[in-house]
Amino acid sequence: MNFAGAETWLHKVNPSLKLGILMVLCLVALFIHDSNYMMNVTIGVLLLFLCFSGHSIKHMLFLFVPFCFIFISTSSAMIFFGKGETLWFKWGLISVTEESFMRGLLVGFRAMLFAALGLTFSLTTRPVNLFYSLMQQVKLKPKYAYSFMAALRLIPIMMEEFHMIRNAMKVRGFARSTGIKAIYFKLKAYSIPLLSGSIRRAHRIAVAMEAKRFTDTAHRTYYYEYGFSRKDQVFILYFIIVLLAGFYLAIHFPLLPK
Amino acid sequence: MKKGLKLTDILVTIVIAVAFGIVYILWGSIYYSVKPFGLHLDQLIYGMWFMAGPVAFLVLRKPGVALLAEIAAASGEFFLGSPWGLTVLLYGVVQGLFAELVFMAFKYKNFNLAIAVLAAIASCLGSVVMDFAYGEIAALSVWNLLLFLIARFIGSIFFAGVFAYYLVRVLEATGVTNLVRPVSSKEYAELDQK
């Protein structure tokens, strides 16, 4: 992800806590079966994302395209093919009923909520910070944390190798060949060198890391130290307010028909 | 076998998984380009998302690798900005766990095509369980749901079972698997004879 945006208070929330809270919200969302409530919570999370992720409006609108796509694609299947009693519209296999329509909206909002939660997290948290925090607050074993960090560092190298293979194929004229056989050949020509090269490189790096005692748990010191702060309380409070206010509004001012 | 995975095993697993994470992200756009055709054609290619676990296990042949690989692939996908957000993490854990249970049931001693297919089916089952909880697919009409399930199972057997198995077979030919697999008792016996 691109971290070009400004730093906001969301960046300073403890990464482990942030991940934990968002996970809990994902589970909570499973038990929300009311379209109005789900919509309110989704709007609450979207507001947090829009106001405090620190990215420009243009960048966020660009990120919004997949959101709408997810909303339409998840809800449409349910709206068109779902079960229901009160028939609104029927055309061949497609039958839109009131129940399926409401459930489609619910599923759509839920998918959108998950996407918003995920983006809020990944746009405001650097992976390195998360793994350092996980080692300190959740006691994740350093061998796992450092492996993850090393592997994420290898992504640009993999991309570079991918381009190298593609250029090599272009030079040799394979790029234009078509048909099943060509697809099979290309699949093999890309995946095997990329995978075997990555495994060899990972093995070499791991041997070096073991030699440098990256696996040591007992006497570890950390370059980045993480604790808890006021911002964590604000973060928790925000979601409590969203959940409560959303519930209140859903009961007293429902926007969608029950 | 010594307890736990060594850093080497973990790093190799995660690197394989991250490579799949990149594929998963690209696969997402293919998935969405197939989706508008309707009739759950998209489910035929869903199986790709179960591949990391079986491939990592068949390469490394160690306990815990399949689970770790699926979690790592999911988090790689998550960090690269998956439109599904945090759900990929939860799905990844469940899919990896189901595949891992299959390998565990055979005591991590079986590495043939059948076990890969079984693990693929298990992962698929895991994803369906998650879908019942999240997507409320239970509310789809019966014919539509059946179509959905059949398409997904066929897709996962092909991608995560058959394709994963032959991919590792070809990888074996490159010799890279010898680096990371545990030494078998057969190899010790060969040393003894000399």
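Residue positions are counted from 1 within each chain, in the order its sequence is given. Chain labels run from A onward and ligand labels from 1 onward, assigned in the order the entries are written. Since the coordinates come from a predicted model, pLDDT governs what is reported: local features require at least 70, and pairs of side-chain atoms require 80 or more to be given and counted, while whole-chain, interface and lining totals use all residues. Computation of side-chain values: all heavy atoms of the structure, hydrogens and water removed.

### Remarks on the overall build of chain B
Move 1: Within chain B, the regular secondary structure consists of eight helices and zero strands.
Move 2: Secondary structure of chain B in N-to-C order comes out as α-α-α-α-α-α-α-α.
Move 3: We take the radius of gyration over the C-alpha atoms and set the globule estimate at 2.2 Å times the residue count to the 0.38 power. Relative to a compact globule of 194 residues, whose C-alpha radius of gyration would be 16 Å, chain B shows 17 Å and is just as compact.
Move 4: If one aligns the C-alpha atoms of chain B with their principal axes, the spans along those axes are about 65 × 30 × 30 Å.
Move 5: Burial status follows relative accessibility: with a 1.4 Å probe on protein chains alone, a residue under 20% of its type maximum counts as buried, one over 50% as exposed, and anything between as partly exposed. Relative to its full complement of 194 residues, chain B shows a buried share of 58%.
Move 6: A 1.4 Å probe and the Shrake-Rupley method give the accessible areas. Residues count as covered only by the protein chains that appear here. Carbon together with sulfur atoms contributes 71% to the accessible area of chain B, which is approximately 8000 Å² in total.
Move 7: Charged residues are defined here as Lys and Arg on the positive side and Asp and Glu on the negative side; His and the ends of the chain fall outside this count. To locate a charge, take atom NZ for lysine, CZ for arginine, CG for aspartate or CD for glutamate. Taken as two groups, the 13 positive and 11 negative side-chain charges of chain B have centres that lie 9 Å from each other. Strands here are runs of E lasting at least two residues and helices are runs of H or I lasting at least four, both read from the DSSP assignment and numbered beginning at the N terminus.

### Comments concerning the overall build of chain A
Move 1: A tally of helices and strands in chain A yields nine helices and two strands.
Move 2: Moving toward the C terminus, one meets the helices and strands of chain A in the order α-α-α-α-β-β-α-α-α-α-α.
Move 3: In terms of overall dimensions, chain A is more spread out than a globule: its C-alpha atoms have a radius of gyration of 24 Å, far above the 18 Å expected for 258 residues.
Move 4: Seen through its principal axes, chain A has C-alpha atoms that stretch 65 × 60 × 30 Å.
Move 5: By the burial criterion, 46% of the 258 residues in chain A qualify as buried.
Move 6: Considering only intrachain contacts with a sequence separation of at least 6, the fraction spanning at least 24 residues in chain A is 74%.
Move 7: Total accessible area on chain A stands at roughly 14400 Å², and carbon and sulfur atoms take up 68% of it. Contacts were defined at the residue level, with two residues in contact if any of their heavy atoms lie within 4.5 Å.

### So, the interface of chain A and chain B
Move 1: Contacts between the two partners involve 57 residues from chain A and, on the opposite side, 50 residues from chain B.
Move 2: As used here, buried area is the combined drop in accessible area, with a 1.4 Å probe, of two parts when they are placed together. Carbon and sulfur atoms make up 79% of the surface buried where chain A meets chain B, a total of about 5000 Å² over both sides.
Move 3: Counting the surface chain A buries against chain B, the share from its top three residues, Phe-81, Leu-195 and Ile-199 of chain A, is 12%.
Move 4: Put simply, a salt bridge is a Lys or Arg side-chain nitrogen that is within 4 Å of an Asp or Glu carboxyl oxygen. At the boundary of chain A with chain B, the tally comes to zero salt bridges.
Move 5: Put simply, the parts of the chain that give the side of chain A that touches chain B at least two residues each are helix 2 (15-30), helix 4 (57-81), helix 5 (98-124), helix 6 (127-137), helix 7 (142-172) and helix 8 (180-211) of chain A.
Move 6: Here the term charged refers only to Asp, Glu, Lys and Arg, the term nonpolar to Ala, Val, Leu, Ile, Met, Phe, Trp, Tyr, Cys and Pro, and the term polar to all other amino acids, Gly among them. Residues of the side of chain A that touches chain B, tallied by class, amount to 40 nonpolar, eleven polar and six charged.

### Description of the packing of aromatic side chains
Move 1: Two rings belonging to Phe, Tyr or Trp (six-membered ring only in the last case) form a pair when the distance between their centres is within 6.5 Å. Interplanar angles under 30 degrees mark stacking, angles over 60 mark edge-to-face geometry, and anything in between is tilted. Following the criterion strictly, the structure yields 28 aromatic pairs over all chains and no others.
Move 2: Judged by centre distance (6.2 Å) and plane angle (90 degrees), the ring pair of Tyr-132 of chain A and Tyr-146 of chain A falls under edge-to-face. Of this pair, Tyr-132 of chain A sits in helix 6 while Tyr-146 of chain A sits in helix 7; the two residues are 14 residues apart in sequence, bridging distant segments of the chain. Side by side, Tyr-132 of chain A and Tyr-146 of chain A carry an identical accessibility label, which is buried.
Move 3: Judged by centre distance (6.4 Å) and plane angle (80 degrees), the ring pair of Tyr-132 of chain A and Tyr-222 of chain A falls under edge-to-face. Here Tyr-132 of chain A is found in helix 6, whereas its partner Tyr-222 of chain A is found in the loop between helix 8 and helix 9 (230-252), with 90 residues between them in sequence.
Move 4: Grouped by ring-pair contacts, the aromatic residues Tyr-132, Tyr-146, Phe-214, Tyr-222, Tyr-223 and Tyr-224 of chain A constitute a single cluster.
Move 5: Here, a charge over a ring is recorded when the distance from Lys NZ or Arg CZ to the ring centre is within 6 Å and its angle to the ring normal is within 35 degrees. For Arg-61 of chain B, the ring lying beneath its charged end belongs to Phe-111 of chain B, and the centroid distance is 4.0 Å.

### Focus on the domain arrangement of chain A
It is common to report an interface's size as the accessible area lost on association of the parts.
Move 1: Bear in mind that the domain bounds are from an automatic or database domain assignment. Per the domain assignment, the segments of chain A are domain 1 (9-131 + 229-252) and domain 2 (142-211).
Move 2: Computed from C-alpha atoms alone, the centre-to-centre distance between domain 1 of chain A and domain 2 of chain A is 35 Å.

### Some points on the nonpolar core
Move 1: Leu-117, Phe-235 and Phe-239 of chain A together with Ile-16, Val-55 and Val-59 of chain B are the most contacted members of the largest nonpolar core, which totals 132 residues.
Move 2: Examining the composition of this core, we find that 17 residues originate from one element, helix 1 (residues 7-34) of chain B, more than from any other.
Move 3: In terms of domain composition, this core takes at least three residues from each of domain 1 (9-131 + 229-252) and domain 2 (142-211) of chain A.
Move 4: Once residues lying within four places of it in the same chain are set aside, the contact partners of Phe-235 of chain A are Trp-9, Leu-10, Val-13, Lys-18, Ile-21, Leu-22 and Leu-48 of chain A.
Move 5: Met-78 of chain A together with Val-128, Leu-140 and Phe-148 of chain B belong to the second-largest nonpolar core, a separate cluster that totals eight residues. In these notes, a set of buried Ala, Val, Leu, Ile, Met, Phe, Trp, Tyr and Cys residues joined through side-chain atoms within 4.5 Å is what counts as a nonpolar core.

### Side note on the packing of helix 8 of chain A against helix 1 of chain B
Move 1: In contact at an axis separation of 8 Å, helix 8 of chain A and helix 1 of chain B are set at 145 degrees when each is read in the N-to-C sense. Note that helix 8 of chain A runs across helix 1 of chain B; the crossing there is right-handed. Residues Leu-195, Ser-198, Ile-199, Ala-202, His-203, Ile-205, Ala-206, Met-209 and Glu-210 of chain A of helix 8 of chain A pack against Leu-7, Thr-8, Leu-11, Val-12, Val-15, Ile-16 and Ala-19 of chain B of helix 1 of chain B.
Move 2: When its residues are assigned to classes, the contact of helix 8 of chain A with helix 1 of chain B shows twelve nonpolar, three polar and one charged. In this analysis, axes come from line fits to C-alpha atoms, helices being fitted only over the stretch in contact, and the angle between any two N-to-C directions falls in the range 0 to 180 degrees. By convention, the crossing between two helices is left-handed when the near helix turns anticlockwise from the far helix through less than a right angle, and right-handed when the turn is clockwise.

### Points about the pattern of salt bridges
Residue and element names in this part refer to chain B.
Move 1: Taken as a whole and judged by the stated rule, the model has five salt bridges over all chains.
Move 2: Between Lys-62 and Asp-9 there is a salt bridge, and its shortest N-O distance comes to 2.7 Å. Taken together, the positions of Lys-62 in the loop between helix 2 (52-60) and helix 3 (65-79) and Asp-9 in helix 1 put the pair 53 residues apart, joining distant regions of the chain. Considered together, Lys-62 and Asp-9 belong to a single accessibility category, that of buried residues.
Move 3: In this structure, the salt-bridge partner of Glu-172 is Arg-61, at a minimum N-O distance of 3.8 Å. Placement of the pair is Glu-172 in helix 6 (residues 142-173) and Arg-61 in the loop between helix 2 and helix 3, with a sequence separation of 111 residues.
Move 4: On the basis of relative accessible area, Glu-172 is assigned to the partly exposed category, the value being 29%.
Move 5: A network of salt bridges, in which partner residues are shared, links Arg-61, Glu-172 and Arg-181.

### Topic: the side chain of Glu-77 of chain B
All names here are of chain B.
Move 1: Among the structural elements, Glu-77 can be located in helix 3.
Move 2: For the buried Glu-77, no salt bridge exists, and the shortest N-O distance to an oppositely charged side chain is 13 Å, to Arg-152.
Move 3: Among all residues touching Glu-77, those that are not within four sequence positions of it are Gly-21, Tyr-24, Ile-25, Trp-49, Ser-82 and Val-88.

### What about a nonpolar patch on the surface?
Move 1: Two joining distances apply to patches: 9 Å for like charges and 5 Å for nonpolar side chains (Val, Leu, Ile, Met, Phe, Trp, Tyr), and every residue must have over 30% relative accessible area and no salt bridge. A cluster of nonpolar side chains, Leu-41, Leu-44, Val-142, Leu-146, Ile-150 and Ile-154 of chain B, forms an exposed patch at the surface whose accessible area comes to about 540 Å².
Move 2: Positionally, Leu-146 of chain B belongs in helix 6.

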